[in-house]
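Chain by chain, the residues run as shown.
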Amino acid sequence: LSSVDSRRGIATAHLRYSDGMERSGHRRENLTVEEAVRRILLGCQVLPERAASLREARGLVLARDIVAQSPSPRFDTAAMDGYAVQHADVRGASPEQPVHLGVVGSISAGEGTPTAVAPGTANRVMTGAVCPEDADVVIPLELVEFRDDQIVVSQPFPAGTNIRRTGEDIAVGTVVVERGTMLGPAHLAAIAAEGHETIEVFPRPRVAVIATGDELVRPGHALEPGQIWDSNSVMVAALIEQFGGEVVMSGSVPDEPKTVLAVLRREAADGADLIVTIGGASLGDRDVLTELATDAVALECWSIAMKPGKPLVYGQIDGAMVIGLPGNPAAAFVSAIQFLRPAIVTLLGRLDIDPPTIVASATEAIANPGGRRNYLRVTLDLDASGHSARLAGPQNVANLATLSRAEGLLIIPAGIERVEPGARCDVQIIRSL
Ligand code: AMP
Ligand code: MG
């Protein structure tokens, strides 16, 4: 993959390894977010389709058009509780000249075909019942008087009132839900209304999550001095599930290249489509992914023109794609949205690669020293003048309190050093329904 592109912007860094030696020749390529996404997407192929029940299909992508085999509604249907009558009988009804119609039968939803409505009569019908033949109006219960087995109609109704005609919603042969649609509740209903129980979808990609760091301990276990709980694994796993991936948790691995490589190989052998590592992607003494990338392993170190989340590792191990996120929580989060999400939604067969984004006005001045593209954690408000965004707290890359308050990521484009109050900015939405 790397050979596809020009090698502009390759920087050489000097790394001091844990063995104390300093080696050069390590390459860290400077990329924009767009270029990094483009390269990641080159390595993403939609997985072979499979059958799924409707109950497991929410959030999956339909692999084949669903074409209506039967009309909806399936029969002329009463749309309200009331009386089915012939339009000719009630066309001239008024308070001065009320029309009296004898009620000759009644039909509820689920009952078989009723007898036709004869002139001068009415049939009581419930919502969802088959509308009697020859009826062309259903008068709502509350708009007639009922006395002595008769209804008294004192107003006219247009023909067709409260009758849903066969096929008026979905005609036979029309595409009910298109291939490529990510299935939400309403799509599932439209497919179920056609009588399908199983459909063809693209499967969820299997995504392995590996946290790296000598300091990491699984939450729920005791800490020694200098250790911290691994909070990124669960966060990244939850994000992956929100993007539509199926997570395989590897837990945390010490900062030893051999061990990390062995885990990467094991996850690839176990069928991961994508392996996500967290941490060890920058230029520290024990940044294990960076160390691995210099060996005979198909991993590259990228330096992305963004903040937070500058370092990113990308490559392939034994047929699985590898994306290495930075370890600081906000950096891991922001990078996951920019790089993991496009990969996972593409593997899933979705076409909407870009994260959902709105425009909001900044409520305060925000400085962007350095001029990289900046993703700021903000809360959002909505009033008559539209959305406004407010910083959710200090924007330190390690700050989880700000991250957990945030509802969006406000983007300051590269090269813009300051945003003034009222400026209209793109904001990626990070909550979901
Ligand atoms: P790294 O990218 O490995 O240099 O880590 C950067 C910072 O993020 C360090 O303070 C790490 O301790 C922290 N960090 C890395 N991985 C995790 C994790 N899985 N959970 C919580 N903090 C982490
Ligand atoms: Mg680390």
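One can find the structure itself at the top, above this paragraph.
From a predicted model like this one, the values you see are computed outputs, not experimental measurements. (Residues numbered from 1 in each chain as written. Chains lettered and ligands numbered in written order. Predicted model: local features only at pLDDT ≥ 70, side-chain atom pairs only at ≥ 80, totals over all residues. Heavy atoms only, no water.)

Caption draft 1: Region of interest: the overall build of the protein. When helices and strands are tallied, the protein shows eight helices and 31 strands. A compact globule built from 433 residues would reach a C-alpha radius of gyration of about 22 Å, whereas the protein, at 31 Å, exceeds it by more than 25%. Expressed along its principal axes, the backbone C-alpha trace of the protein runs to roughly 100 × 50 × 50 Å. Taking all 433 residues of the protein together, the buried fraction comes to 48%. Entry remark: accessible area of the protein is about 20400 Å², with carbon and sulfur atoms responsible for 52%. Averaging the positions of the 38 positive and the 53 negative side-chain charges in the protein gives two centres separated by 8 Å. (Helix = DSSP H or I, 4+ residues; strand = E, 2+ residues; numbered from the N terminus. Rg over C-alpha atoms; globule rule 2.2 N^0.38 Å. Buried < 20%, exposed > 50% of the residue type's maximum accessible area, 1.4 Å probe, protein only. Areas by Shrake-Rupley, 256 points an atom, 1.4 Å probe, with all protein chains shown as cover. Lys, Arg positive; Asp, Glu negative; His and termini not counted. Charge placed at Lys NZ, Arg CZ, Asp CG, Glu CD.)

Caption draft 2: How the structure looks around the sheet that holds strand β3 (residues 50-53). Taken in spatial order, the three strands line up as β3-β15-β4 in an open sheet, and their pairing is antiparallel. At either margin of the open sheet sits one strand with a lone partner, and together these are β3 and β4 (61-62). Two strands pair when backbone bridges link them, and β4 and strand β15 (residues 198-202) are joined in this way by two bridges, in the antiparallel orientation. Bridge pairing in β15 places L62 opposite V201. (Pairing = 2+ DSSP bridges.)

Caption draft 3: The nonpolar core, seen in detail. One finds I40, I323 and L340 to be the most contacted residues of the largest nonpolar core, which totals 43 residues. With ten residues, the top contributor of residues to this core is helix α7 (residues 329-347). Aside from chain neighbours lying at most four places away, what touches I40 is W302, L312, Y314, M321, I323, F339 and A343. Of all hydrophobic cores here, the second largest spans 22 residues; its members include L289, A293, C301 and V322. (Core = buried A, V, L, I, M, F, W, Y, C linked by side-chain atoms within 4.5 Å. Contact = heavy atoms within 4.5 Å.)

Caption draft 4: Representation of the pattern of salt bridges. Inspection of the entire model under this criterion finds 14 salt bridges. Here E49 makes a salt bridge to R64, at a shortest N to O gap of 2.9 Å. Linking E49 in the loop between α1 (33-42) and β3 with R64 in the loop between β4 and β5 (66-67), this pair joins segments that are 15 residues apart in sequence. A salt bridge links R147 to E145, with the nearest nitrogen and oxygen atoms 2.8 Å apart. (Salt bridge = Lys/Arg side-chain N within 4 Å of Asp/Glu carboxyl O.)

Caption draft 5: Quick peek at unusual backbone geometry. Residues S72 and P73 are joined by a peptide bond in cis, for which omega reads -5°. Mapping P73 onto the fold places it in the loop between β5 and β6 (77-78). The amide bond that connects K307 to the next residue, P308, takes the cis arrangement and shows omega of -5°. Here P308 is to be found in the loop between β22 (306-307) and β23 (311-317).

Caption draft 6: The arrangement of the sheet that holds strand β8 (residues 99-107) in detail. The sheet built from six strands is open, its strands ordered β10-β7-β9-β8-β12-β11 with mixed pairing. Strands at the two margins of the open sheet, each flanked by one partner only, are β10 (137-140) and β11 (145-147). Pairs of neighbouring strands in the sheet enclose a mean axial angle of 40°, with direction left out of account. With five bridges connecting them, β8 and strand β9 (residues 121-125) associate as parallel partners. Each bridged residue has a counterpart across the sheet, and for G102 the counterpart in β9 is T121. (Axes fitted to C-alpha atoms, helices over the stretch in contact; angles between N-to-C directions.)

Caption draft 7: Region of the structure containing the site of ligand 1. Neighbouring ligand 1 are 13 residues; E215, D230, S231, G280 and G327 lie closest to it. Within the backbone of S231, an N or O atom sits 3.1 Å from a nitrogen atom of ligand 1. Residue N232 places a main-chain N or O atom 3.2 Å away from a nitrogen atom belonging to ligand 1. Here the residues of the shell around ligand 1 sort into four nonpolar, six polar and three charged. (Near = heavy atom within 4 Å. Polar contact = N/O pair within 3.5 Å; in protein donor to acceptor, adjacent residues only side chain to side chain. Nonpolar A, V, L, I, M, F, W, Y, C, P; charged D, E, K, R; others polar.)

Keep in mind these numbers describe shape, not what the thing actually does.
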